[in-house]
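What follows is each chain in one-letter form.
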Amino acid sequence: MFDQAVRRMWRPGLLGIALVLGMLGRLTYGRDMPLWFDETFTGAIAGQDSVAGLWRWLRTELTGPFFYGTYWLWARVAGVSTEALRLPGLIFTLVAPLVVLRWGHRDPTMRLLWAAVLLLWLPMPVFAADARPYALLVLLGTVQVSAFCTVMRAPMRRHALWWALPTLAMGLTHYLALVPGLVQGLLLLAVHRGVALRLWPATLPFALLAGWMALHLSFVVQLGGGVVAMSTRMGAWDLARMPALIVGDHAIALLLALALGWVLVLQLHVRGVQRDWRPSAEGWAGIAGVVAFVTMFVVATVVPGMSVRYFIPVLPAMIFGLAWWLRTALRRAGIAVAAFFAVMIVASIGLAVSGLRDRSLDQRHAFGLDLPSRWLAERPPARVLFFWADPTAVLASEFKGNMAEVGGFFLRRAGARTRVDVMQVPVGRDAAAAVSARAASTPDTAILWIGNAPSADPHRQTAPLFSDRAWECRDFGAGRAVSVACRRR
């Protein structure tokens, strides 16, 4: 009788717990945190008054027109407050499991497990509290992998079109997000061969992507040409950072790996190894996610400039593969599947509790212009000298107008009519002396100085500004980053 009650109640019970904890984690994580530096770009672009301004920005940004165009339209209705800029991320991370529950798969149990994993997955609250494209990529990738399974089962033109559209949107969000779609497309051709070739009309929408790349790719080549700070290559040791990206926490990653290992052992014990095993459509989708991840990592060891966050577009296919693995193990290794979700539930509770208790800045939110700009807005200056202590700022020589909009975003949002000038100091020069000397030459000038981390170059330290009696300076970086504002005493 107890077993019957468990069989009857575990599905609504798991879904209810996942919905409550998933929503709680999304609402509490990063609550009241200031916008970090990259989010300021989103605000500056979304707040453009005209299509011409939006177009000017789109041609000089790595993130593509689908993301910024969506946010620009959103800002026409909701504005560019911190809450308005972050709300779409919350919506995207909640829509993804809801889409899965309704249309994700023909098997209702698979839909339930997949949605539960999406709701409890620890990185999702991080994406939900971020006015950046990661939540949108997770939503698009989730739709993409569902459509890929459908076209693998029944390679028809309408199914191929439904797969091509989210793939196109991902490519128009970030070029590296095309990697999962490219792997899926190659697998479709390899598995279905001649039949897949007859699906070519579904590729016509990609003409839009080709046109955009013809206009935009020269900027990407310039940015990836070794002129930026992150122009380093990944090595094998960088694999140690991946569990935190894929799972959200190294300790939780270990526990989940143990639970998944238990699932595998129980499956092999019951079924043995099937020599004639062939992947199903779902199996191919999971394989595509792993192959895409490995491909991107291999490329990152050769091509400079790859960041860990660029791997986010492969997560939806990997999450789908995991959910399918759990679905196939449910009958024969149900206790191990339960242990897996128990770990996820405990981790989600911990995340929600920490979100309620811990209001301290992390490194990302300490790296920003929000807090120092609020302090300057108490006595709005007529002019701000904005200095970004990073080699990436070399691009400001060509796009000073854009960087000036970023430096003055929060002051403009507060209603201040402050002119922003972008300051460039070559690496190796005494940046603090150069910035303070230029600021001193003009009355009613303040300084905004930002850096992702305290620079190893002693000439780019802000210390001399603090010792100058003419300036009142504060560092809002909490020791984790450099976010300095200076105003005249």
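Below is a summary of the structure that appears in this document. Every chain's residues receive numbers from 1 upward, in the order its sequence appears when written. Under the rules for a predicted model, residues below a pLDDT of 70 receive no local features and side-chain atom pairs below 80 are neither given nor counted, while totals for whole chains, interfaces and linings still include all residues. To get the side-chain values, take all heavy atoms of the structure and skip hydrogens and water.

1. Quick notes on the sheet that holds strand β1 (residues 383-388)
DSSP calls a pair of strands paired once it identifies at least 2 bridges connecting them. The helix and strand labels rest on DSSP assignments: H or I over at least four residues marks a helix, E over at least two residues marks a strand, and numbering proceeds from the N terminus. Ordered in space as β2-β1-β3-β5-β4, the 5 strands form an open sheet in which the pairing is mixed. Pairing within the sheet leaves two strands with one partner each, and these edge strands are β2 (419-423) and β4 (471-475). Along the sheet, successive strands turn relative to each other by an average axial angle of 20°, direction set aside. Here β4 runs beside strand β5 (residues 482-488); their pairing, made up of 5 bridges, is antiparallel. Counterpart to W471 in the pairing with β5 is R488. It only takes one pair of heavy atoms within 4.5 Å for two residues to be counted as in contact. Note on definitions: angles span 0 to 180 degrees between N-to-C directions of axes, and those axes are lines fitted to C-alpha atoms, for helices only across the stretch in contact. Its contacts with the sheet place helix α19 (residues 370-377) against β1, β3 (445-451), β4 and β5, and it is angled at close to 10° to β5. Across the face of the sheet, helix α20 (residues 400-407) comes into contact with β1, β2 and β3 while running at roughly 120° to β2.

2. A look at the state of the cysteines
We call a pair of cysteine sulfur atoms a disulfide whenever their separation is within 2.5 Å. Tallied over the full model, the rule gives 1 disulfide. With its sulfur 2.1 Å from that of its partner, C473 forms a disulfide with C486. Judged by the sign of its S-S torsion, about 115°, the cystine formed by C473 and C486 is right-handed. Residue C473 is found in strand β4, and its partner C486 is found in strand β5; the two are separated by 13 residues along the sequence. Relative accessibility decides the category of a residue: with a 1.4 Å probe and only protein chains considered, values under 20% of the type maximum give buried, values over 50% give exposed, and everything between is partly exposed. Under the relative-accessibility criterion, C473 is labelled buried at 15%.

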